[in-house]
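# Analysis of the macromolecular model
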Amino acid sequence: MNDSPGCPLTDVAATYMPRLAEFPSEPGLVAAVDQHAAAVRDALVPAQRGPGGPALRRDELADYVLGFTDWLTGADWTEPVGHDFATLRLTAVCWLIREYGLLDA
């Protein structure tokens, strides 16, 4: 996977990473994003990887983001004011990107 501007993780991070700055003032947002991050991680990380194995792979998260954003496009989703399921899920993806250093060189 490359780091071009078209990379799905780069695009999502550019749009939704700023929402992580809302965490200190919104504990409910933190809890909701944490639940979404856990759901994404659990869906992508097989239990058999075991200790010492990669907890989350960049290519898997990128594939997930492509599928999710394609679904949003097909549903004619538009970002609302506030937080809905999709914005929480995409913010959770940003949290995972940051926590696992998935865009680090």
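Now for a quick tour of the structure.

Conventions we followed
- Sequence order as written defines the numbering, with residues in each chain counted from 1.
- At least 70 in pLDDT is required for a residue's local features to be given in this predicted model, at least 80 for side-chain atom pairs to be given and counted, and no such filter applies to totals for whole chains, interfaces and linings, which use all residues.
- Think of the side-chain values as coming from all heavy atoms in the structure, minus any hydrogens and water.
- Only runs of H or I of at least four residues qualify as helices and only runs of E of at least two qualify as strands under DSSP, and these elements are numbered from the N terminus.
- Burial classes: relative accessible area under 20% of the type maximum marks a residue as buried, over 50% as exposed, and values in between as partly exposed (1.4 Å probe, protein chains only).
- Calculation of accessible area relied on Shrake-Rupley with a 1.4 Å probe; when residues are assessed, cover is drawn exclusively from the protein chains displayed.
- Lines are fitted to the C-alpha atoms to define the axes, a helix being fitted only along its stretch in contact, and any angle between axes, read from their N-to-C directions, falls within 0 to 180 degrees.
- Each angle is binned into one of four classes, with values under 35 degrees roughly parallel, values over 145 roughly antiparallel, values of 65 to 115 roughly perpendicular, and all other values oblique.
- For a crossing to be left-handed, the near helix must be turned anticlockwise from the far one by less than a right angle; the clockwise case is right-handed.
- Contacts between residues were defined by any pair of non-hydrogen atoms, one from each residue, lying within 4.5 Å.
- Charged residues are taken to be Asp, Glu, Lys and Arg, nonpolar residues to be Ala, Val, Leu, Ile, Met, Phe, Trp, Tyr, Cys and Pro, and polar residues to be all remaining types, Gly included.
- We define a salt bridge as a side-chain nitrogen of Lys or Arg found within 4 Å of a carboxyl oxygen belonging to Asp or Glu.
- Each aromatic pair joins two rings of Phe, Tyr and Trp (for Trp, the six-membered one) with centres within 6.5 Å, and gets the label stacked for planes under 30 degrees apart, edge-to-face for over 60, and tilted for any other angle.
- Nine residue types can take part in a nonpolar core, namely buried Ala, Val, Leu, Ile, Met, Phe, Trp, Tyr and Cys, and a core is a set of them joined through side-chain atoms within 4.5 Å.

Turning next to the overall build of the protein chain. Along the backbone of the protein chain there are four helices and zero strands. Counting from the amino terminus, the protein chain carries its helices and strands in the arrangement α-α-α-α. Scored against the burial criterion, the 105 residues of the protein chain give a buried share of 34%. Summed over its atoms, the accessible surface of the protein chain is roughly 5900 Å², and 57% of this surface lies on carbon and sulfur atoms.

For the pair helix α1 (residues 8–16) and helix α4 (residues 85–99), the least separation of the axes is 9 Å and the interaxial angle reads 110 degrees. Looking at the two axes, α1 sits roughly perpendicular to α4. As for the relative orientation of α1 and α4, their crossing is left-handed in sense. In contact with Leu 9, Val 12, Ala 13 and Tyr 16 of α1, α4 contributes Thr 87, Leu 90, Thr 91, Val 93, Cys 94 and Ile 97. Here the contact of α1 with α4 is composed, by residue class, of eight nonpolar, two polar and no charged.

The residue Phe 68 is located in helix α3 (residues 58–74) in this model. Assessed through its relative accessible area of 10%, Phe 68 is described here as buried. A C-alpha to C-alpha distance of 8.7 Å links Phe 68 and Ala 86, two positions 18 residues apart in sequence. Contact partners of Phe 68, with chain neighbours within four places excluded, come to Phe 85, Ala 86, Arg 89 and Leu 90.

What follows is about the environment of Pro 46. Within the fold, Pro 46 resides in the loop between α2 (27–44) and α3. Taking relative accessible area as the criterion, Pro 46 reaches 29% and is therefore assigned partly exposed.

Going through the model one piece at a time under the given rule, you end up with four salt bridges. Between Arg 19 and Glu 79 there is a salt bridge, with the nearest N and O atoms lying 2.5 Å from each other. Here Arg 19 is found in the loop between α1 and α2, whereas its partner Glu 79 is found in the loop between α3 and α4, with 60 residues between them in sequence. It is possible to trace a salt-bridge network through shared partners that takes in Arg 57, Asp 59 and Glu 60.

What follows concerns the packing of aromatic side chains. Applying the stated criterion across every chain yields a total of three aromatic pairs. Centre to centre, the rings of Tyr 64 and Phe 68 are 6.0 Å apart; their planes meet at 10 degrees, and the pair counts as stacked. Within this pair, Tyr 64 and its partner Phe 68 are both found in helix α3, separated by four residues, close to a single helical turn. Taken together, the ring pairs in this structure connect Tyr 64, Phe 68, Trp 71 and Phe 85 into an aromatic cluster.

So, on to the nonpolar core. Residues Leu 9, Val 12, Leu 61, Val 93 and Ile 97 are the most contacted members of the largest nonpolar core, which totals 28 residues. Those elements giving two or more residues to this core turn out to be α1, α2, α3 and α4. With eight residues, the top contributor of residues to this core is α4.

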